[in-house]
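One letter stands for each residue in the lines below.
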Amino acid sequence: MIGMLSFWVLDIATEVEDGPVAWIWSIGEDGSRLIVKEPFRPVFYLTGGDLEGISTCLEASKDFPISSFSLVERRLSGRPLRAVMVSAMTDELEGLAERLRRKCGAEGVFEADIRASSQFLMRRRIRPSSWHAVEASESEAIGGYKVYRASGDYQRLERVGTPDLKVLAFDSLLLASRGTPKPEVDPAIAISAVTDRGEERQFSGDEAGLLRGFIGLVEGYDPDVVVGFNTNRRLLPYLAERCRRLGFSLSIGRLGAEPRTSVYGHQSLQGRLNIDLYDLAEETPEIKLETLEEYSSYLGLKVEYDTIDEYDLAEAWGKERSRVLEYSMQRARGIMEVYKAVSDYIFSLSEITGLPADHVLTAATGFRVENYLMGLAMEAGELVPPRGEAAYMTYAGGVVMEPRAGLHEDVAVIDFKSMYPNIMMKYNISFDTLSVDGVHRAPNLPHAFKEEVGFIPRALKGLLEERERARRLADMHPEGSVERRVLEARQRALKVIANATYGYMGWTGARWYCREAAEATSAWGRETIRSAMERAKGLGLEIIYGDTDSLFVRDDPERIRSLLGWISEALGMEARVDRRYRKVLFTEAKKRYGGLRDDGRIETVGLEVVRGDWSAIAKEAQLAALEAILKEGREEAVERVRETIEALREGRVPIKKLIIWKKLTKGVEEYEVAAPHVTVAKRMIEAGWSVKPGDMVGFIIMRGRGRLYEKAVPYFEADPSRVDVDYYIEKQVIPPVARLLSAIGIPERTLGELVLKK
DNA sequence: TGTAGGCATCCATACCTGTCGCT
DNA sequence: AGCGACAGGTATGGATGCCT
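Residues numbered from 1 in each chain as written. Chains lettered and ligands numbered in written order. Predicted model: local features only at pLDDT ≥ 70, side-chain atom pairs only at ≥ 80, totals over all residues. Heavy atoms only, no water.

### Examining the overall build of chain A
In terms of helices and strands, chain A carries 22 helices and 27 strands. Computed over the C-alpha atoms, the radius of gyration of chain A is 29 Å, within 12% of the 27 Å expected from 2.2 N^0.38 for a compact globule of 758 residues. Projected onto its principal axes, the C-alpha positions of chain A cover 90 × 75 × 55 Å. Residues classed as buried in chain A amount to 54% of the 758 residues present. Sequence-distant contacts in chain A: of pairs separated by 6 or more residues, those separated by 24 or more amount to 65%. Per element, the accessible surface of chain A, about 34100 Å² overall, is 48% carbon and sulfur. A distance of 2 Å separates the average location of the 106 positive side-chain charges in chain A from that of its 118 negative side-chain charges. (Helix = DSSP H or I, 4+ residues; strand = E, 2+ residues; numbered from the N terminus. Rg over C-alpha atoms; globule rule 2.2 N^0.38 Å. Buried < 20%, exposed > 50% of the residue type's maximum accessible area, 1.4 Å probe, protein only. Contact = heavy atoms within 4.5 Å. Areas by Shrake-Rupley, 256 points an atom, 1.4 Å probe, with all protein chains shown as cover. Lys, Arg positive; Asp, Glu negative; His and termini not counted. Charge placed at Lys NZ, Arg CZ, Asp CG, Glu CD.)

Right, here's the structure in full:
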């Protein structure tokens, strides 16, 4: 029974049966969950001077797991290259390729370091998280899932959006008598779960019972997506270990599989997507503390949390158990809501980059860009180079103007649209167009680029055209519709990948690292913005500030229109007025300003207000002063500061507002100099808490003698009566506001007097 | 398992200088 | 006078987190 099968690709896996077989976990058009199976042979290439010799040698290598080999024409950095393509009967290519290279005297090996499942997706042009059709015959079902054998080519189907996925969000509580729970000794005490249909379940009490209850729920509901917060690095490995100790396994994958540790700490669930929203929170710059609560409020979700700090959990569990359980359920609900808000973006990113939806979140930006480029390379017959280790060499970046300090009225901000991608396309900047006699010569650099369209510019063109298409289509659908939401998420994902391509080229770890290309891009960028500044001056526009691809000018619609026209015609680039300020305040510092937008909102850039490593009281004080400066006057601004100082003096500031958070960026032993958050982290570790690189450490400065790092204590241990109020006044509140006030002519002395005035 | 460079800011630390007490 | 201890000032660089 052969017929066309349409399906949406959920996840991909490879198994070795007689040879490697790809399993595509999918959702059929009728909503059934199914597996498309196809045997395939991952390949690698051998290159060298004597391809005939290599071939003869391969002929005599029947004892190796090779299915076939052939002489093929490919390209390397755009230049034609002949190579021997070897098809393997194993999915462990690197060892095989290296042994054959040595045995047969080949010089180069290509693509042996690309995982079998990635090769399958790219060669067969299958994009995860999207619809395809293929000729297939039904074969024996496995564990209730229909299985199809695919034959022939896969066609991509133009269809917006995902099928109706079954989603399960969960949260789990772990209880330790002391410090951070350890899976060897400390139990899970509750698991809360919510389905996309709104069903809620909570398991608690006997640990074996609650874990079995959760496993039963997963088996029964059979979700396509399991979503949580901090599941990859923490919860899933923890729960799996608890199960093992209790004598059973955490079989929450399809076909009863346990979670498997996959690349970079990702936990893989067979046949399901395991999505950890913490990964997404981590890469969202607006989110500083990386908590579920913060993420929910950033997304503007109406979810209630009666938060219980992890440091208070043990005590709360003893005293107010029902409140703890309710909080756990609130978290599960919150996780589901966050998932619903971000899932379109995740699936778009997955489809564009070609990485399965659960892996795309754990992959860093560079690997997302690279996976996208690898897909294009395979289509174009361009060999994918191995990951090298280029020596780190820095180069010049964007230009930043010295701002005109002070308060300015009616300022327009002109932005170049996608400046770097457009420069790379305009001057055909790419690793395969770099050439000494190229027609495009980078300003003040010995780099030049050929005429014939390069790999990177072609990739960018594809991304930007696709983005335009997504935007146009989005506009054709009504506001609030599923299609519009999905298409908008798609255009955002496309923009992210396009904008990261410049940085990717300058990344020494990139397969297609090309410092010359990155360096030339920023050089043309500097030339572009400088010539725009010249022109603006020539037109009589008053320039206030500029950074890389933006220009702040006193608003003057007529002259600005003329400047934008010139940029389009003479530079062949596009710029637009991105925003307007009724008032904007600059200090002497670059990259820091605050303004009153034309829509009445206050906007802060670079100032302490937006930084996560200042206490809330300092940030509030600065924002209040800024608001007063922009909306009222200087006296009011000073008055706001006075009020804050007074509140601190009188002990009216809640201790939470005094917490200073800093990220521990490496192990505590690796630090060269003592710092408050490091000594606090050390103390916490001694007390049994796990504090690892990447964790945020919150501390408060207490009265006492010695260095600052000797006066810092973990925030949850701080005694409010012993807080070093003077530190908060003199080192936290005053400096940030003083910088703003001095920009409008109020000397720091004035604030000093405020402090003395008791 | 790291997109890039440019930048402000705080604080620890090393180093320098001058003063003081002691021999 | 010569020496070391110490206080105070300054230059430097580690560390963090922002901007485009």
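### A look at the nonpolar core
In terms of nonpolar packing, the biggest core is built from 108 residues, with Leu165, Val227, Ile275, Leu277, Tyr339, Leu373 and Phe416 touching the most fellow members. Counting residues per element, this core draws most heavily on helix 9 (residues 321-353), which supplies 15 residues. Core analysis: the second largest hydrophobic core is formed by 57 residues, Ala625, Leu658, Tyr671 and Ile700 among them. (Core = buried A, V, L, I, M, F, W, Y, C linked by side-chain atoms within 4.5 Å.)

### Things to note about a positive patch on the surface
Residues Arg75, Arg79, Lys450 and Arg458 make up a contiguous surface patch of positive charge. On the secondary structure map, lysine 450 appears in the loop between strand 19 (448-449) and helix 13 (455-476). (Patch = residues over 30% accessible without salt bridge, like charges linked within 9 Å, V, L, I, M, F, W, Y side chains within 5 Å. Salt bridge = Lys/Arg side-chain N within 4 Å of Asp/Glu carboxyl O.)

### Some details on the side chain of serine 268
Tracing the chain through its elements places serine 268 in strand 15 (residues 267-268). Not counting chain neighbours up to four residues away, the residues in contact with serine 268 comprise Glu258, Pro259, Arg260, Ser262 and His359.

### Observations concerning the environment of proline 386
Among the structural elements, proline 386 can be located in the loop between helix 11 (365-380) and strand 17 (406-416). A sequence separation of 272 residues divides proline 386 from isoleucine 114, and the C-alpha atoms of the two residues are 8.9 Å apart.

### Section: the protein's contact with DNA strand B
Inspection of the region around DNA strand B gives 32 residues, with Ala364, Gly397, Gly503, Lys590 and Arg739 positioned closest. Restricting attention to atoms of DNA strand B within 4 Å of the protein, one finds that 84% of them are sugar or phosphate atoms. Between a phosphate oxygen of DNA strand B and a main-chain N or O atom of alanine 674, the distance comes to 3.4 Å. One nitrogen or oxygen atom from the main chain of leucine 708 is found 3.2 Å from a phosphate oxygen belonging to DNA strand B. Elements supplying a minimum of two residues to the surface near DNA strand B: helix 11, helix 14 (482-505), helix 20 (708-711) and helix 21 (725-743). At 4 residues, helix 21 tops the list of elements feeding residues into the surface near DNA strand B. Classifying every residue of the surface near DNA strand B gives 17 nonpolar, 8 polar and 7 charged. (Near = heavy atom within 4 Å. Polar contact = N/O pair within 3.5 Å; in protein donor to acceptor, adjacent residues only side chain to side chain. Nonpolar A, V, L, I, M, F, W, Y, C, P; charged D, E, K, R; others polar.)

### A word on the domain arrangement of chain A
On domain assignment, one finds that chain A holds domain 1 (2-156), domain 2 (167-353), domain 3 (388-597) and domain 4 (612-756). Its C-alpha centre places domain 2 at a distance of 40 Å from the equivalent point of domain 3. Counting residues at the interface gives 7 residues for domain 2 and 10 residues for domain 3. A buried area of about 750 Å², summed over both sides, lies between domain 2 and domain 3, and 65% of it is on carbon and sulfur atoms. The tally of links between domain 2 and domain 3 comes to 2 salt bridges. The partner of aspartate 344 in a salt bridge is arginine 485, and the shortest N-O contact between them spans 2.6 Å. In this assembly, domain 2 and domain 3 are joined by 2 residue pairs in polar contact (both at pLDDT 80 or more). Among the residues making up the side of domain 2 that touches domain 3, the classes are represented as 3 nonpolar, 2 polar and 2 charged. (Domains from an automatic or database assignment. Buried area = accessible area lost by both parts, 1.4 Å probe.)

### Regarding the sheet that holds strand 11 (residues 188-195)
Strand order across the open sheet formed by 5 strands is 12-11-10-13-16, with mixed pairing between neighbours. The open sheet has two edge strands with one neighbour each: strand 12 (200-204) and strand 16 (273-276). When the angles between neighbouring strand axes are averaged without regard to direction, this sheet yields 20 degrees. Summarising the sheet, strand 10 (residues 167-174) and strand 11 pair through 7 bridges and their orientation is antiparallel. Bridge assignment links phenylalanine 170 to a residue of strand 11, and that residue is alanine 193. Contacts between helix 5 (residues 231-245) and the sheet are confined to strand 10, strand 11, strand 13 (225-228) and strand 16, with strand 10 contributing the most and set at about 70 degrees to the helix. Across the sheet, helix 9 is in contact with strand 10, strand 11, strand 12, strand 13 and strand 16; its angle to strand 10 comes to roughly 140 degrees. (Pairing = 2+ DSSP bridges. Axes fitted to C-alpha atoms, helices over the stretch in contact; angles between N-to-C directions.)

### What to know about the state of the cysteines
In the structure shown here, the tally under the stated rule is 1 disulfide. A sulfur-sulfur separation of 1.9 Å characterises the disulfide bridge that pairs cysteine 57 with cysteine 104. Here the S-S torsion is close to -70 degrees, and the disulfide linking cysteine 57 with cysteine 104 is therefore left-handed. Residue cysteine 57 is found in helix 1 (residues 51-59), and its partner cysteine 104 is found in helix 2 (residues 93-104); the two are separated by 47 residues along the sequence. (Disulfide = S-S within 2.5 Å.)

### Considerations on the sheet that holds strand 23 (residues 593-597)
An order of 20-21-17-22-23-24 is seen for the 6 strands of this open sheet, with the pairing classed as antiparallel. Unpaired on one side and paired on the other, strand 20 (543-547) and strand 24 (602-605) mark the two borders of the sheet. Sheet twist, expressed as the mean angle between neighbouring strand axes with direction ignored, is 35 degrees. The sheet contact formed by strand 20 and strand 21 (residues 550-554) spans 4 bridges and is antiparallel. Along strand 21, the bridge assignment pairs tyrosine 545 with phenylalanine 552. Sheet contacts for helix 16 (residues 557-571): strand 17, strand 21 and strand 22 (575-586); angle to strand 17, the most-contacted strand, approximately 30 degrees.

### Things to note about empty space enclosed by the protein
All chains considered together, the criterion is met by 1 cavity of 30 Å³ or more. By volume, the largest cavity is sized at about 30 Å³. Element by element, the count of residues in the lining of the largest cavity is highest for strand 26 (residues 696-701), at 3 residues. Here the residues of the lining of the largest cavity sort into 7 nonpolar, 1 polar and no charged. (1 Å grid on protein atoms, 1.4 Å probe; cavity = no way out; pocket = protein on both sides within 12 Å on 5 of 7 lines; lining within 4 Å. Points joined across faces, edges and corners; volume = space filled by probe spheres on them.)

### Quick word on the environment of alanine 493
Mapped onto the elements, alanine 493 comes out in helix 14. Separated by 334 residues in sequence, alanine 493 and arginine 159 have C-alpha atoms that sit 17 Å apart. Look past the residues within four positions of alanine 493 in its chain and what remains in contact with it is Tyr345, Ser348, Leu349 and Ile352.

### Brief notes about the packing of aromatic side chains
Scanning the entire structure with this criterion turns up 32 aromatic pairs. Ring centres of tyrosine 311 and tyrosine 715 lie 5.9 Å apart, and the angle between their planes is 80 degrees; this geometry places the pair in the edge-to-face category. With a gap of 404 residues between them, tyrosine 311 in the loop between helix 7 (292-298) and helix 8 (313-319) and tyrosine 715 in the loop between strand 27 (712-714) and helix 21 connect regions that are remote in the sequence. Tyrosine 715 sits in the buried class, given a relative accessible area of 15%. A ring pair is formed by tyrosine 545 and phenylalanine 586, whose centres lie 5.0 Å apart and whose planes are at 45 degrees; its orientation type is tilted. Of this pair, tyrosine 545 sits in strand 20 while phenylalanine 586 sits in strand 22; the two residues are 41 residues apart in sequence, bridging distant segments of the chain. Taking relative accessible area as the criterion, tyrosine 545 reaches 1% and is therefore assigned buried. Phenylalanine 586 gets classed as buried once you look at its relative accessible area, which sits at 0%. (Phe/Tyr/Trp six-rings, centres within 6.5 Å; stacked < 30°, edge-to-face > 60°.)

### Topic: the protein's contact with DNA strand C
Close contacts around DNA strand C come from 19 residues, with Asp549, Arg611, Thr665, Tyr671 and His677 the closest. Backbone sugar and phosphate groups make up 91% of those atoms of DNA strand C lying within 4 Å of the protein. Interatomic distance of 2.9 Å between a side-chain N/O atom of tyrosine 593 and a phosphate oxygen of DNA strand C. At 3.0 Å, a backbone N or O of lysine 663 approaches a phosphate oxygen of DNA strand C. Of the residues that constitute the surface near DNA strand C, the class distribution is 4 nonpolar, 5 polar and 10 charged.

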